[in-house]
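Below are the chains, spelled out letter by letter.
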Amino acid sequence: MDRKYFGTNGIRGIVGDLITPLFISKMSSAMASMLKNKGTVVIGADPRLSSPSIKNNVISSFLASGLEVIDLGVVPTPLVQFAVKHLHVNMGVVVTASHNTPQFNGLKIIDDDGIEIDIRKQLKVEEIFEKEQFTYVPWNENGSVTSMDLKQEYIDQIIQLVNTDSIQKKKMSVVVDSGNGAGSVITPELLRQLGVRVITVNGNLDGRFPGRGSEPTPDKLSEMSKITLQSNCDFSVAHDGDADRAIFGDEKGTIFFGDKSIVLFEKWFMSNHENKQFVTPVSSSSAVVDIADEMGGKVIWTPVGCIFVSRKMIANNILLGGEENGGLFYGLHQSVRDGAMAAALMANILAETNKTFSDLVLELPKYFQKKNKLPCPNVLKKRVMDQIVTTIPETVELIDMDGVKLIYDEGWILIRPSGTEPIFRIFVEAKTEKKTNEIMTKGMRLVQDAIRKLS
Ligand code: MG
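Residues numbered from 1 in each chain as written. Predicted model: local features only at pLDDT ≥ 70, side-chain atom pairs only at ≥ 80, totals over all residues. Heavy atoms only, no water.

Caption draft 1: Region of interest: unusual backbone geometry. With phi around 55 degrees, Asn232 is a residue other than glycine that occupies positive phi space. By the secondary structure assignment, Asn232 is in the loop between helix H8 (222-230) and strand E10 (235-239). (Helix = DSSP H or I, 4+ residues; strand = E, 2+ residues; numbered from the N terminus.)

Here it is as structure tokens:
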């Protein structure tokens with residue numbers, strides 16, 4: 001059965017369109033009914049202008065359903081996930097639309113293990129919602145709401161996991177661009193407590209995200225780069241609206257997408273830990289495999305989506321995961337992506353290796369990447385995928401856990417149907433630009449031939 005409201009990361013929509021007071025009230029009541037109207041829930045929100053009214057609506061529905069609520073205020077998503085485990089509560093809710101534009105909002109639902117609820121539970125909530133099978137408690141059994149500030153507890157847990165002495169000795173300077181999002185209340189304070197000189201950009205909470213928007217794409221981070229250079233900083237870090245992701249820049253102001261930083265984390269981790277396993281989605285660069293081979297470690301692939309990475313880490317006792325969008329999962333802290341943890345760990349790596357950020361990147365394996373898309377009606381997507389699989393010779397390694405990934409000697413191609421648009425997305429990576437173009441041409445033809453045959 002397909003999900004109707006839950007996407008890759010919770011429920012998201014435009015306020016006033018999908019996200020109405022009635023929708024939020026019914027969805028919150030469905031969540032409470034899933035908990036059988038018992039237990040305690042923590043709730044936090046990003047700074048969007050619509051977040052207070054949505055949060056109060058969720059709280060009100062929970063209280064009427066008999067749940068106890070702890071309000072954590074405006075905080076990053078990973079802090080709510082930390083709070084679920086720290087306080088041993090039954091569920092967490094984050095009112096956020098992550099990196100989406102200001103008119104969006106949504107709900108991320110956190111299970112009692114600190115990870116977003118799995119698809120089975122998402123379907124259960126949707127079923128209760130659709131059938132309106134909510135139950136409310138009698139007037140004299142309503143829950144109560146309390147406020148709690150867990151920022152320092154969260155910061156303390158991160159600080160305990162890094163080498164504070166070497167970070168302090170290094171006397172680093174770092175630019176933090178939290179994009180007016182929830183990261184503004186954590187990352188600058190965390191780094192300062194580690195003895196780092198911090199310069200903030202877009203560091204005040206503002207739900208209109210007036211600085212550079214809430215998505216930290218490299219083209220939006222020129223201000224951060226400029227200040228890094230002007231102020232002689234060691235590196236820079238930018239978050240999305242709910243600060244579960246971190247995008248880094250080096251001391252020269254060059255911004256790198258997550259495919260570089262996760263490999264830096266992987267390399268550092270595998271040279272310092274016995275457990276040399278790394279979980280990452282099939283769309284990640286082969287550089288992760290090269291590093292694992294070099295360090296005697298192992299890469300474990302998942303479908304694209306942070307919940308798959310988190311759940312794989314828990315199931316297989318793996319301590320590190322990464323996504324090319326800037327998601328770092330550090331299991332010693334928590335098995336979810338956490339932007340503040342990533343920032344502290346990067347400071348730790350620079351301090352321990354005593355190298356510049358740009359030198360560390362230069363040491364990484366080099367690859368060329370290309371992305372493309374092809375239109376395809378939604379109804380044909382599944383058959384096109386099946387058709388492609390039948391045409392691939394057995395000598396080519398094939399991974400089909402999410403789309404089709406074909407691995408050749410000198411590169412790979414990933415063909416994925418978009419979950420939201422009538423298109424196929426095609427990613428190619430190879431050692432040379434020429435080879436990248438060759439594989440892309442071959443892959444485009446493969447998809448076009450399959451579509452033509454089936455149309
Ligand atoms: Mg996010």
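Caption draft 2: Layout of helix H15 (residues 433-454). For H15, built from 22 residues, the straight-helix expectation of 32 Å at 1.5 Å per residue is met to within 8% by its first-to-last C-alpha distance of 32 Å. As for H15, its buried residues are in contact with strand E18 (368-375), helix H14 (381-391), strand E20 (404-408), strand E21 (411-417) and strand E22 (423-430). (Expected span 1.5 Å × (residues − 1). Contact = heavy atoms within 4.5 Å.)

Caption draft 3: Geometry of the sheet that holds E21. An order of E18-E22-E21-E20-E19 is seen for the five strands of this open sheet, with the pairing classed as antiparallel. The outermost strands of the open sheet, each flanked by one partner alone, are E18 and strand E19 (397-399). Ignoring strand direction, the axes of neighbouring strands in this sheet form an average angle of 15 degrees. Of the pairings in the sheet, the one linking E18 to E22 comprises eight bridges and is antiparallel in character. Bridging across to E22, Gln369 finds its partner in Glu429. (Pairing = 2+ DSSP bridges. Axes fitted to C-alpha atoms, helices over the stretch in contact; angles between N-to-C directions.)

Caption draft 4: A look at the coordination of the magnesium ion. Surrounding the magnesium ion are the protein donor atoms Ser98 (OG), Asp240 (OD), Asp242 (OD) and Asp244 (OD), which sit 2.0 to 2.2 Å from the metal. As a motif over one chain, the donors of the magnesium ion read S-x141-D-x1-D-x1-D. Taken as a pair, Ser98 in the loop between strand E5 (91-95) and strand E6 (104-110) and Asp240 in the loop between E10 and strand E11 (246-249) lie far apart in primary sequence, 142 residues in all. By relative accessible area, which is 0% here, Asp240 ends up buried. (Donors = N, O, S within 2.8 Å, 3.2 Å for Na, K, Ca; no water. Buried < 20%, exposed > 50% of the residue type's maximum accessible area, 1.4 Å probe, protein only.)

Caption draft 5: The domain arrangement of the chain, seen in detail. Examined at the domain level, the chain breaks down into domain 1 (6-152), domain 2 (161-362) and domain 3 (368-454). Its C-alpha centre places domain 1 at a distance of 27 Å from the equivalent point of domain 2. In this assembly, 31 residues from domain 1 lie in contact with 32 residues from domain 2. Across the interface of domain 1 and domain 2, roughly 2300 Å² is buried in total on both sides, 61% from carbon and sulfur atoms. Together, Pro47, His99 and Ile115 form the three largest contributors to the area buried by domain 1 at its contact with domain 2, with a combined 25%. At the boundary of domain 1 and domain 2, one finds three salt bridges. Joining domain 1 to domain 2, the criterion identifies 16 residue pairs in polar contact (both at pLDDT 80 or more). Sorting the residues of the side of domain 1 that touches domain 2 by element identifies helix H3 (77-86) and helix H5 (151-159) as the ones contributing at least two each. At five residues, the largest contribution of residues to the side of domain 1 that touches domain 2 is made by H3. Along the lines of polarity and charge, the residues of the side of domain 1 that touches domain 2 split into 11 nonpolar, 12 polar and eight charged. (Domains from an automatic or database assignment. Buried area = accessible area lost by both parts, 1.4 Å probe. Salt bridge = Lys/Arg side-chain N within 4 Å of Asp/Glu carboxyl O. Polar contact = N/O pair within 3.5 Å; in protein donor to acceptor, adjacent residues only side chain to side chain. Nonpolar A, V, L, I, M, F, W, Y, C, P; charged D, E, K, R; others polar.)

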